[in-house]
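Listed below are the residues making up each chain.
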Amino acid sequence: MSENDNDSGISGLGWFLAGLGIGALVGVLYAPKAGKETREDLKASALDARDKAAALAQQAQEKAAVFAQQGKEQVSEYVDRGKEYYDRGRTQWAQYVEKGKGLIQDHQDRIAAAVEAGKSAYSNTTGESTDS
């Protein structure tokens, strides 16, 4: 079934192009103008189409340049924002590390004080020295 659909699509396109060519030929043969005038009109139309195509290409190039510039600006903005987030994160990380070091030192000091208090209490109750 799909094989027939593909063949009819290609065949349909072929028939369309054949009809277009035949129509153009009949139009040229039965045109009210002479052959030279028809050729000049075709030439003028072709030159006009070329000029329009060149103008459209120029417009497209200008729009592409504008879009490229906008893209560069957006990328630059995102890069700057990323750097800002990185710096902020790095600063916070450094603060957390320093806070952690302070907490560890505080706990070490408390443990050392508790050990000393324990040694002192032991030596007070037993009368022995614990200078080891």
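Basis of the calculations
The numbers attached to residues start from 1 for each chain and follow its sequence in the written order. Reporting in this predicted model follows two pLDDT cut-offs: at least 70 for local features of residues, and 80 or more for side-chain atom pairs to be given and counted; totals over whole chains, interfaces and linings ignore these cut-offs and use all residues. The side-chain numbers reported here are obtained from all heavy atoms of the structure, hydrogens and water having been left aside. Helix and strand labels come from DSSP, where a helix needs a run of H or I of at least four residues and a strand needs a run of E of at least two; each type is numbered from the N terminus. Buried, partly exposed and exposed residues are distinguished by accessible area as a fraction of the type maximum, computed with a 1.4 Å probe on protein chains only: under 20%, between the cut-offs, and over 50%, respectively. Using a 1.4 Å probe, accessible areas were evaluated by the Shrake-Rupley method; residue-level cover was limited to the displayed protein chains. Definition used for salt bridges: Asp or Glu carboxyl oxygen within 4 Å of a side-chain nitrogen of Lys or Arg. Excluding any residue in a salt bridge, patches collect residues exceeding 30% relative accessible area, merging like charges within 9 Å and nonpolar Val, Leu, Ile, Met, Phe, Trp and Tyr side chains within 5 Å. To estimate the expected span of a helix, subtract one from its residue number and multiply by 1.5 Å.

### A look at the overall build of the chain
Item 1. Each helix and strand counted, the chain has 2 helices and 0 strands in total.
Item 2. For the chain, with 132 residues in total, the buried portion stands at 2%.
Item 3. Of the roughly 11700 Å² of accessible surface on the chain, 60% is carried by carbon and sulfur atoms.

### A short note on the pattern of salt bridges
Item 1. Using the criterion set out here, one finds 6 salt bridges in the structure.
Item 2. In this structure, Glu84 engages Arg88 in a salt bridge whose closest nitrogen and oxygen atoms are separated by 2.9 Å. Here Glu84 pairs with Arg88, and both are found in helix H2 (residues 35-126), just 4 residues apart, close to one helical turn.
Item 3. Taking relative accessible area as the criterion, Arg88 reaches 42% and is therefore assigned partly exposed.
Item 4. In this structure, Asp106 and Arg110 form a salt bridge, with 3.5 Å as the shortest nitrogen-oxygen distance. With a gap of 4 residues between them, Asp106 and Arg110 both fall in helix H2, about one helical turn apart.

### Topic: a nonpolar patch on the surface
Item 1. Together, Leu13, Phe16, Leu17 and Leu20 make up a nonpolar patch on the protein surface, roughly 440 Å² of accessible area in all.
Item 2. Along the chain, Phe16 falls in helix H1 (residues 2-29).
Item 3. Classification of Phe16 as exposed rests on a relative accessible area of 53%.

### Here's the deal with H2
Item 1. A rise of 1.5 Å per residue sets the reference length of H2, with its 92 residues, at 136 Å; its end C-alpha atoms lie 132 Å apart and thus fit the reference within 8%.
Item 2. Taken from the residues just after H2, Gly127 is the one with a positive phi, measuring 80°.

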